[in-house]
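Chain by chain, the residues:
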Amino acid sequence: MKERKAGNHRPKLSRTFVHQFNHGFTQDPLKAELEKIGQSQDETDLSRIQLALVSLDKGNYDRVIGLCTETLDTCPADQRTIPRLLRGTMHFLYGNTTEAKTDLIYVAQSDHATLKEKSNARIKLACLLLQDQVMPDEVLSRLNDAAELDPSNPDIFFHKAQCYMLFNQFEECLKDFRKCRELQGNNNSTCTFHIAHIEFRIRMSQNPSDMRPFATLEEQISTLGSSEAFVLLGQLYLEMKDFEKAEIFYKRALLPNDDSHNAVVFTQQAMLEMMWHENKDVAQTLLAKALLADPNYSPAVELIMDLELQAGNMEAAKEHYQRCLDLAKSEAELVSVVQAYQIGEAGHAVYANLGIEDQSPLRNP
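Throughout, residues of each chain are indexed from 1 in the direction in which the sequence is written. Totals for whole chains, interfaces and linings use every residue, but because this is a predicted model, local features are given only for residues with pLDDT of at least 70 and side-chain atom pairs only at 80 or more, for both listing and counting. Based on all heavy atoms of the structure, the side-chain values leave hydrogens and waters out of the count.

### A word on the overall build of the protein chain
Keep this limit in mind: The numbering of helices and of strands both runs from the N terminus, where a helix is a DSSP run of H or I of at least 4 residues and a strand a run of E of at least 2. When we talk radius of gyration, it's over C-alpha atoms, and the globule rule is simply 2.2 Å times the number of residues to the 0.38. The buried label applies to any residue whose accessible area, calculated with a 1.4 Å probe on protein chains only, is under 20% of its type's maximum; exposed applies above 50%, and partly exposed to all values in between. Contacts are assigned to residue pairs with any non-hydrogen atoms lying within 4.5 Å of each other.
Broken down by element type, the protein chain carries 20 helices and zero strands. Against the 2.2 N^0.38 benchmark of 21 Å for 365 residues, the protein chain shows a C-alpha radius of gyration of 22 Å, consistent with a compact globule. Along the first, second and third principal axes, the C-alpha set of the protein chain runs to 70 × 50 × 40 Å. Looking at the protein chain as a whole, 48% of its 365 residues qualify as buried. Long-range contacts, defined as pairs at least 24 residues apart, comprise 55% of the intrachain contacts of the protein chain with a sequence gap of at least 6.

### Observations regarding the packing of aromatic side chains
Filter applied, for reference: Geometry of aromatic contacts follows a simple scheme: Phe, Tyr and Trp rings, the Trp one being its six-membered ring, pair when their centres are within 6.5 Å, and the pair is stacked under 30 degrees between planes, edge-to-face over 60, tilted otherwise. For a ring to carry a charge above it, either NZ of a lysine or CZ of an arginine must fall within 6 Å of the ring centroid while also lying within 35 degrees of the normal to the ring plane.
If you walk through the whole model with that rule in mind, you get nine aromatic pairs. Relative to Phe 92, the ring of Phe 21 lies with its centre 4.9 Å away and its plane at 40°, an arrangement referred to as tilted. Of this pair, Phe 21 sits in helix 2 (residues 15-22) while Phe 92 sits in helix 6 (residues 81-94), and the two are 71 residues apart along the sequence. With a centroid separation of 5.6 Å and an interplanar angle of 75°, the aromatic rings of Phe 158 and Phe 177 are classed as edge-to-face. Pair noted here: Phe 158 is in helix 10 (residues 154-166) and Phe 177 is in helix 11 (residues 170-183), with a separation of 19 residues, a long-range link. Aromatic ring contacts, followed pair by pair, group Phe 200, Phe 214, Phe 230, Tyr 237 and Phe 249 into a single cluster. The ring centre of Phe 25 lies 5.1 Å from the NZ or CZ of Lys 124, which sits over that ring.

### A short note on unusual backbone geometry
Most peptide bonds adopt trans geometry, and most residues besides glycine take a negative phi value. The residue Asn 168 is not glycine, and still its phi comes out positive at about 60°. With respect to the helices and strands, Asn 168 occurs in the loop between helix 10 and helix 11. Phi at Lys 241 is positive, roughly 60°, even though this residue is not glycine. On the secondary structure map, Lys 241 appears in the loop between helix 14 (227-239) and helix 15 (243-252).

### Section: the nonpolar core
Spelled out, the test is: Put simply, a nonpolar core is a bunch of buried Ala, Val, Leu, Ile, Met, Phe, Trp, Tyr and Cys residues held in one set by side-chain atoms that sit within 4.5 Å of each other.
Counting residues in each nonpolar core, the largest one holds 58 residues, and the members touching the most others are Leu 86 and Met 90. Other than its neighbours up to four places away in sequence, Leu 86 contacts Leu 30, Ile 49, Ala 52, Leu 53, Leu 56, Val 64 and Cys 68. Ranked by size, the runner-up nonpolar core spans 52 residues in total, among them Ala 196, Leu 236, Leu 309 and Tyr 341.

### Quick notes on the environment of Pro 136
For Pro 136, the location among the structural elements is in helix 9 (residues 136-149). Pro 136 sits in the partly exposed class, given a relative accessible area of 26%. In this structure, the C-alpha to C-alpha distance between Pro 136 and Thr 98, residues 38 residues apart in sequence, is 20 Å.

### A closer look at the packing of helix 9 against helix 10
Heads up, the rule is: To get an axis, a line is fitted to the C-alpha atoms, and for a helix only the part in contact is used. The angle between two axes follows their N-to-C directions and goes from 0 to 180 degrees. An angle below 35 degrees is treated as roughly parallel, one above 145 as roughly antiparallel, one from 65 to 115 as roughly perpendicular, and anything else as oblique. Note on convention: the crossing is left-handed when the near helix lies turned anticlockwise from the far helix by less than a right angle, right-handed when the turn is clockwise. The classification used treats Ala, Val, Leu, Ile, Met, Phe, Trp, Tyr, Cys and Pro as nonpolar, Asp, Glu, Lys and Arg as charged, and all other residues, Gly among them, as polar.
The N-to-C vectors of helix 9 and helix 10 enclose an angle of 160°; their axes lie 10 Å apart at closest approach. In terms of axis orientation, helix 9 runs roughly antiparallel to helix 10. Here helix 9 and helix 10 pass one another in a crossing that is left-handed. Contacts from Val 139, Leu 140, Leu 143, Asn 144, Ala 146 and Ala 147 in helix 9 reach Ile 156, Phe 157, His 159, Lys 160, Cys 163 and Tyr 164 in helix 10. Grouping the constituent residues of the contact of helix 9 with helix 10 by class yields nine nonpolar, two polar and one charged.

### What about the pattern of salt bridges?
Let me state the cut-off plainly: For this document, the term salt bridge refers to a Lys or Arg side-chain nitrogen within 4 Å of an Asp or Glu carboxyl oxygen.
Evaluated as defined, the whole model comprises 13 salt bridges. With its nearest N and O atoms 2.8 Å apart, the salt bridge here joins Asp 103 to Arg 87. Placement of Asp 103 in helix 7 (residues 97-109) and of Arg 87 in helix 6 is noted, with a sequence separation of 16 residues between them. The pair formed by Asp 103 and Arg 87 is uniform in burial state, with each residue classed as buried. The structure contains a network of salt bridges with shared partners spanning Arg 84, Arg 87 and Asp 103.

### As for the layout of surface pockets
Just so we agree on the cut-off: A 1.4 Å probe that fits but cannot get out identifies a cavity on a 1 Å grid over protein atoms alone, an open set with protein on both sides within 12 Å along at least five of seven lines counts as a pocket, and a residue lines either if it has an atom within 4 Å of a point. Grid points are joined across faces, edges and corners, and a volume is the space filled by probe spheres set on the points.
Reported here for the second largest pocket is a volume of approximately 670 Å³. Together, 29 residues line the second largest pocket, and Val 18, Asn 22, Leu 56, Asp 57 and Tyr 61 are the ones closest to its centre. If you list the elements that add at least two residues to the lining of the second largest pocket, you get helix 2, helix 3 (29-37) and helix 4 (48-58). The greatest single-element share of the lining of the second largest pocket, amounting to six residues, is contributed by helix 2. Of the residues belonging to the lining of the second largest pocket, the class tally is 11 nonpolar, eight polar and 10 charged.

### Quick word on helix 5 (residues 64-74)
Our working rule: Our arc is simply the arc of the directions from the helix axis toward the C-beta atoms.
Among the residues making up helix 5, those that are buried are Val 64, Ile 65, Leu 67, Cys 68, Thr 71 and Leu 72. The buried residues of helix 5 occupy one face: seen down the axis, they fall within an arc of 165°. Set apart from the buried face of helix 5 by more than 90 degrees, the exposed residues are Asp 73 and Thr 74. Among the structural elements, helix 4 and helix 6 are those in contact with the buried residues of helix 5.

### Digging into helix 13 (residues 212-224)
Worth spelling out the cut-off: The span one expects for a helix is its residue count, reduced by one, times 1.5 Å.
Taking 1.5 Å per residue as the helical rise, helix 13 with its 13 residues ought to reach 18 Å, and the 19 Å between its terminal C-alpha atoms agrees with that figure. Along helix 13, the residues that are buried comprise Pro 213, Phe 214, Leu 217, Glu 218 and Ile 221. When helix 13 is viewed along its axis, its buried side chains cluster within an angular range of 135° and face the same direction. With respect to the buried face of helix 13, the exposed residues turned more than 90 degrees away are Arg 212, Glu 219 and Thr 223. Following helix 13 by one or two positions, Gly 225 has its phi on the positive side, about 65°.

Below, the structure is given as structure tokens:
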């Protein structure tokens, strides 16, 4: 904790987490700059900022901030917006809100930034407010201001919709997802999936006993072939304890041409296995697959820690506890992990003193 407060801790980033974050940006100026580089991957052919962009794309996250800083040390004022936008984005992902704000505000206010660069920075600044637990109206006000300046940018409406979803304002959420899809040309499967999901939530809130919205959602999502959508269906059926349905959709989420959600799927399958069959060995095998797909996927590491605590394997539990601390991106995440470990450790000691098997409930990370 002291190390985090002193600013000396930089968590290890999950490839899954970075993908999920970037997935919300279809008008990403950083992605556009990366596409300009083409197939030239030899480091000797790349500038510092190009190397930073390629490092982000390849998952070499530890290199990016340093390369951006090296670029800024030498580049002229009219070429600073991309390195500062990239550096601010990385600070955001690492949970360093102070440094992230400094870079993103610079881009949002720079006379040298393009409209897309300014909009991208404004969206991320609004998202930072969520991390600071600012009132919802302030976050939405920032995004509305961005929409006034760049009304044809679908990314702004996508993030507005996500905010409304977070605040359980589903009618407004639906309007912005529909606007986002309209601006993207009505062919974006991610927006279509979210629209189907929110329509389902609205119908269920109106009549919780009516199961027909489930059938409608299942039909809509099945036509999309989206891994993210299949995961959602699996989670919904898991919540209902319809384990057979959950298993079907988790299996469908493992797409041969898209492995970006595999860590999520294997972790959810492990949770399903524990809730359904209580088979810790199979769950551990699935979690090993999750970490093979993404070694820094924290929900999988936390679930392994819980399983080791339940099994009384305290050395292994402590090892995974330390890994959880290394992956935590905020004080809140640190506190959650510490509390979970301490409760599990104390529970194991109580059960051991009583001479009975640990029956602690499994958390859902």
